[in-house]
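So the chains spell out like this:
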Amino acid sequence: MNGGDDQLPKSMSIEKNLDDDGRDKRTGTWLTASAHIITAVIGSGVLSLAWAVAQLGWIAGVVVLMVFSCITYFTSTMLADCYRAPHPVTGRRNYTYMDVVKAYLGGGNVTFCGIAQYSNLIGVAIGYTITSSISMVAVARSNCFHKHGHQAKCDISNYPFMSIFACIQILLSQIPNFHKLSWLSILAATMSFAYAFIGIGLSVAKVFGAHDADVHATTTLTGTTVGVDVTGSQKVWRSFQAIGNIAFAYAFSTVLIEIQVFSQPVFMFVEKLSYKRWPENKFVRREFMIRLPFCGTLPFSPFRLIWRTSYVIVTSVVAMILPFFNDFLGLIGAMAFWPLTVYLPIEMYIVQSKIEKCSLRWILLKILSFACLIVSLVAAAGSVEGLIQHVKAYKPFQSVQ
């Protein structure tokens, strides 16, 4: 009896540290969850919203923002309910977007999801590299203008700053379980709010600034004016591109299931695939424990070092070759919005809720999905046209202001 009693607390303690799926018990709180969500939602996409609304105007711009927000909220609740399968409360947990799609749809939809999601995540990594360099160049140019006056020629290259950003990312990418650093998400959420308010402040200063031609700006209800600011065709293409930029600002569905920093799902996918493909390979599986000052003991993997470093280098080189912020973000947003934010969540919701084919709900959901597909195609066309126009006049690895 005593032996049994001695064993009970230990087994209960083990179960207490495990979730209902046998994995380590989740330790997240509403604060860390909110920080993760804020960090994902208020990404670099908000930096392009000012340009997007300037193209569409206050009426169409605000309407498009509201429509995208409503659609994203609606489909995100569907995707969140599909986290467990087959029942949204008692079903088995799925830990990646592809796992969710496999549980509900299977077949070619899983491959389609993987291509769309990981292409988007790689694109986001490239986009953040462009964004970071532009932001650092803006600070450097501001310092130059303050020092030498606004008439000074302060042409500063983006590429040294891209290289600096890449070096920092190489170091950060080696940190294991990066997504479990809750303080990092809180810091990132604070920074997200900070640059959002900085953008608002700069926009207000631009509109209500002094009547200096270099400072003051005008704003209209219909956006850029044909014949004054742009030609008729430019107005159409830029409006399409603006829709893609707004879609990118809401593109957090790619990490809604995983809740990780944007490049982490890519790292995990390749590493898990490599472990399964070469389970006996020492280079792939070998891991050492190393001691670092102020960090304690951390696991080190030669394979992880080479693979993650290569990933950062490739995304940085692509960013250097195509450093076009608005065009690139618009294309990423257009490519990801329909498949990941609309189509797959709706299809999985139809299966989970067992909605009858050709019923009113089924028809309305299909109409929503088709309408969003058309919007995505139009936005992608606008962004591709913008990229083509910029590439025609662009010389690689030269300064872009």
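Sequence positions are assigned chain by chain, starting from 1 and proceeding in written order. For a predicted model such as this one, the threshold for reporting local features is a pLDDT of at least 70, and the threshold for listing and counting side-chain atom pairs is 80 or more; totals across whole chains, interfaces and linings nevertheless cover every residue. The side-chain numbers reported here are obtained from all heavy atoms of the structure, hydrogens and water having been left aside.

What follows deals with the overall build of the chain. Runs of E in the DSSP output that reach at least two residues are strands. Runs of H or I that reach at least four are helices, and both are numbered from the N terminus. Within the chain, the regular secondary structure consists of 13 helices and four strands. The 401 residues of the chain split such that 40% are buried. For the chain, the proportion of contacts with a sequence separation of at least 24, taken over those separated by at least 6, is 72%. Accessible surface area values rest on a Shrake-Rupley calculation with a 1.4 Å probe, where residue burial reflects the displayed protein chains alone. Summing over all exposed atoms, the chain offers an accessible surface of approximately 22600 Å²; the carbon and sulfur share of this is 68%. Partly exposed residues are those whose accessible area sits between 20% and 50% of the maximum for their type, while under 20% is buried and over 50% is exposed, using a 1.4 Å probe and protein chains only. Any pair of residues with heavy atoms lying within 4.5 Å of one another is described as a contacting pair.

Taken together, the side chains of Arg23, Arg92, Lys102, Lys272 and Lys276 present a region of like positive charge at the surface. Topologically, Lys102 is positioned in helix 4 (residues 97–104). A patch consists of residues whose relative accessible area exceeds 30% and which take part in no salt bridge; residues with like charges are grouped when within 9 Å of each other, and nonpolar side chains (Val, Leu, Ile, Met, Phe, Trp, Tyr) when within 5 Å. Salt bridge criterion: a side-chain nitrogen from Lys or Arg within 4 Å of a carboxyl oxygen from Asp or Glu. Charge assignment: positive for Lys and Arg, negative for Asp and Glu; neither His nor the chain ends contribute. Throughout, a charge is located at the NZ atom of Lys, the CZ atom of Arg, the CG atom of Asp or the CD atom of Glu.

Looking now at the state of the cysteines. When the sulfur atoms of two cysteines come within 2.5 Å, that pair is taken as a disulfide. Scanning all chains against the criterion turns up one disulfide. Two residues share a disulfide in this structure: Cys144 and Cys154, whose sulfurs sit 1.9 Å from each other. On the S-S bond that ties Cys144 to Cys154, the torsion sits near -75°, and the link is left-handed. Of this pair, Cys144 sits in helix 5 (residues 108–148) while Cys154 is found in the loop between helix 5 and helix 6 (159–173), placing the two residues 10 residues apart along the sequence. Relative accessible area serves as the criterion here: at 17%, Cys144 is assigned to the buried category. Judged by relative accessible area, Cys154 falls into the buried class, the value being 3%.

Only Phe, Tyr and Trp rings are paired, with Trp represented by its six-membered ring, and only when their centres lie within 6.5 Å; those with planes under 30 degrees apart are stacked, over 60 edge-to-face, the remainder tilted. This structure, assessed with the given rule, holds 11 aromatic pairs. Their ring planes at 75° and their centres at 6.1 Å tell us that Phe112 and Tyr343 sit as a pair that is edge-to-face. On the criterion of sequence distance, the pair formed by Phe112 in helix 5 and Tyr343 in helix 12 (residues 325–353) is long-range, its members being 231 residues apart. With 6.5 Å between their ring centres and 25° between their planes, Phe193 and Phe197 make a pair best called stacked. Of this pair, Phe193 and Phe197 both sit in helix 7 (residues 182–207), separated by four residues, roughly a single helical turn. Taking relative accessible area as the criterion, Phe193 reaches 38% and is therefore assigned partly exposed. By relative accessible area, Phe197 is classed as exposed at 56%. Through successive ring pairs, a cluster of aromatic residues spans Phe112, Trp338 and Tyr343.

Moving on: helix 12. The span one expects for a helix is its residue count, reduced by one, times 1.5 Å. Here helix 12 is 29 residues long and its end C-alpha atoms lie 40 Å apart, about the 42 Å a rise of 1.5 Å per residue gives. Fitting axes to the seven residues ending at a residue and to the seven starting there, one defines the bend at that residue as the angle between these axes. If you look at helix 12, its biggest bend is around 45°, right at Phe337, and the proline Pro339 turns up within four residues after that. Within helix 12, 26 of the 29 residues are buried, which leaves it mostly tucked inside the rest of the structure.

Here we take up the pattern of salt bridges. Summed over all chains, the structure comprises four salt bridges. The residue Lys366 makes a salt bridge to Glu347 at a minimum N-O spacing of 2.7 Å. Of the two residues, Lys366 sits in helix 13 (residues 360–392) while Glu347 sits in helix 12, which places them 19 residues apart along the sequence.

For the pair helix 4 and helix 12, the least separation of the axes is 10 Å and the interaxial angle reads 35°. Judged by the sense of rotation from one axis to the other, the crossing of helix 4 with helix 12 is left-handed. Packed against helix 4, whose contacting residues are Tyr97, Val100, Val101 and Tyr104, the element helix 12 presents Pro339, Leu340, Leu344, Pro345, Met348, Val351 and Gln352 at the interface. Grouping the constituent residues of the contact of helix 4 with helix 12 by class yields 10 nonpolar, one polar and no charged. Only C-alpha atoms enter the line fits that serve as axes; for helices the fit covers just the stretch in contact. Angles between N-to-C directions range over 0 to 180 degrees. Each crossing gets its handedness from the near helix: less than a right angle anticlockwise from the far helix is left-handed, clockwise is right-handed. Gly is put with the polar residues, along with every residue not named as nonpolar or charged; the nonpolar set is Ala, Val, Leu, Ile, Met, Phe, Trp, Tyr, Cys and Pro, and the charged set is Asp, Glu, Lys and Arg.

With that settled, consider unusual backbone geometry. With an omega of 0°, the peptide bond running from Ala85 to Pro86 counts as cis. If you trace the backbone, Pro86 turns up in the loop between strand 1 (84–85) and strand 2 (92–93). In this model, Lys354 sits at a positive phi of 55°, which is unusual for a non-glycine residue. Note that Lys354 resides in the loop between helix 12 and helix 13. Look at Cys358: it is not a glycine, yet its phi comes out positive at around 70°. Mapped onto the elements of the fold, Cys358 is located in the loop between helix 12 and helix 13. Cys358 gets classed as exposed once you look at its relative accessible area, which sits at 55%.

Now for a nonpolar patch on the surface. A cluster of nonpolar side chains, contributed by Trp58, Ile59, Val62, Val63, Met66, Val67 and Leu221, occupies part of the molecular surface with about 670 Å² of accessible area. Residue position: Leu221 is located in the loop between helix 7 and helix 8 (232–249).

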